[in-house]
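# Tertiary structure, described
This is what each chain is made of:
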Amino acid sequence: LGLVGFPVTVLVLVVGLVFPPGLAVGINAVGVMASALVLFALGRLLGRGALAGGSPGMADRLARGGAAAVAALRHVPILPFTVFSLMCGASALSTRAYVIGTALGMAPGLIALSVLGDRLGASLRHPDALSLAGLIAAAAFTAALALRPPGWAAQKKAGGGGGGSPCTPGPCFYAFSSTTNSRIF
């Protein structure tokens with residue numbers, strides 16, 4: 001469904017709703033990686049010229065940032081999954097860096113949304129205090145994870161130096177907080 005731009009988040013949540021958490025995480029990981037690789041290959045096939053709507057400078061910075069840049073942009077989804085995957089394929093980014101970055105960047109969200117889906121299902125099947133508490137805890141954890149940048153980005157924003165930032169000053173990506181308009185990584 002990535003080819004038609006269907007939201008990955010919805011699919012991950014539904015799989016978490018239908019399957020037990022451990023199995024849901026595995027199914028989601030395989031599905032997301034398969035979709036990501038198909039879209040990456042399509043981007044490679046189409047090439048940079050076909051995806052001219054994107055920023056060539058951004059594609060260059062992405063390629064120089066490697067797996068860490070992919071992981072950061074997967075963790076803080078600035079672009080839709082499909083668009084980002086196609087752009088990565090059209091860039092000079094290596095397949096290895098793309099796969100590693102996608103796996104690392106998507107893992108926290110896949111786990112959190114799979115558990116959230118499971119707790120939602122449990123609350124619908126058995127709406128008691130315990131299942132509702134589990135749902136609230138899973139929702140709070142997922143929200144906190146979604147709103148918090150990766151550890152090295154938070155260190156950078158707080159002025160803690162590079163803190164393991166994947167970027168040198170040239171290839172960095174800029175994401176702007178809606179409240180502060182500050183560089184977070």
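We now turn to the structure provided with this report. Every value quoted in this text rests on a predicted model; they were computed, and no experiment measured them.

What follows is about helix 5 (residues 95–125). The terminal C-alpha atoms of helix 5, which comprises 31 residues, lie 42 Å apart, in line with the 45 Å expected from a rise of 1.5 Å per residue. The sharpest bend along helix 5 measures roughly 40° and falls at Met106, with the proline Pro108 sitting one to four residues further on.

Further remarks concern a nonpolar patch on the surface. A grouping of Phe6, Val10, Leu11, Val14, Leu17, Val18, Phe19, Leu23, Ile27 and Leu124 is seen on the molecular surface, where their side chains present a nonpolar patch of about 810 Å² in accessible area. Listing elements by their share of the nonpolar patch, those giving two or more residues are helix 1 (8–18) and helix 2 (21–50). The element best represented in the nonpolar patch is helix 1, accounting for 5 residues. Among the secondary structure elements, Val10 is positioned in helix 1. On the accessibility criterion, Val10 (38% relative accessible area) is partly exposed.

Compared with the 27 Å implied by 1.5 Å per residue over 19 residues, the 27 Å span of helix 6 (residues 129–147) between its first and last C-alpha is a close match. Along helix 6, the residues that are buried comprise Ser131, Gly134, Leu135, Ala138 and Thr142. Buried residues of helix 6, viewed axially, fall in a sector of 100°; they line one side. Seen from the buried face of helix 6, the exposed residues on the opposite side, beyond 90 degrees, are Ala129, Ile136 and Leu147.

Conventions used here
- Residues numbered from 1 in each chain as written.
- Predicted model: local features only at pLDDT ≥ 70, side-chain atom pairs only at ≥ 80, totals over all residues.
- Heavy atoms only, no water.
- Helix = DSSP H or I, 4+ residues; strand = E, 2+ residues; numbered from the N terminus.
- Expected span 1.5 Å × (residues − 1).
- Bend = angle between axes of the 7 residues up to and from the residue.
- Patch = residues over 30% accessible without salt bridge, like charges linked within 9 Å, V, L, I, M, F, W, Y side chains within 5 Å.
- Areas by Shrake-Rupley, 256 points an atom, 1.4 Å probe, with all protein chains shown as cover.
- Salt bridge = Lys/Arg side-chain N within 4 Å of Asp/Glu carboxyl O.
- Buried < 20%, exposed > 50% of the residue type's maximum accessible area, 1.4 Å probe, protein only.
- Arc of directions from axis to C-beta.

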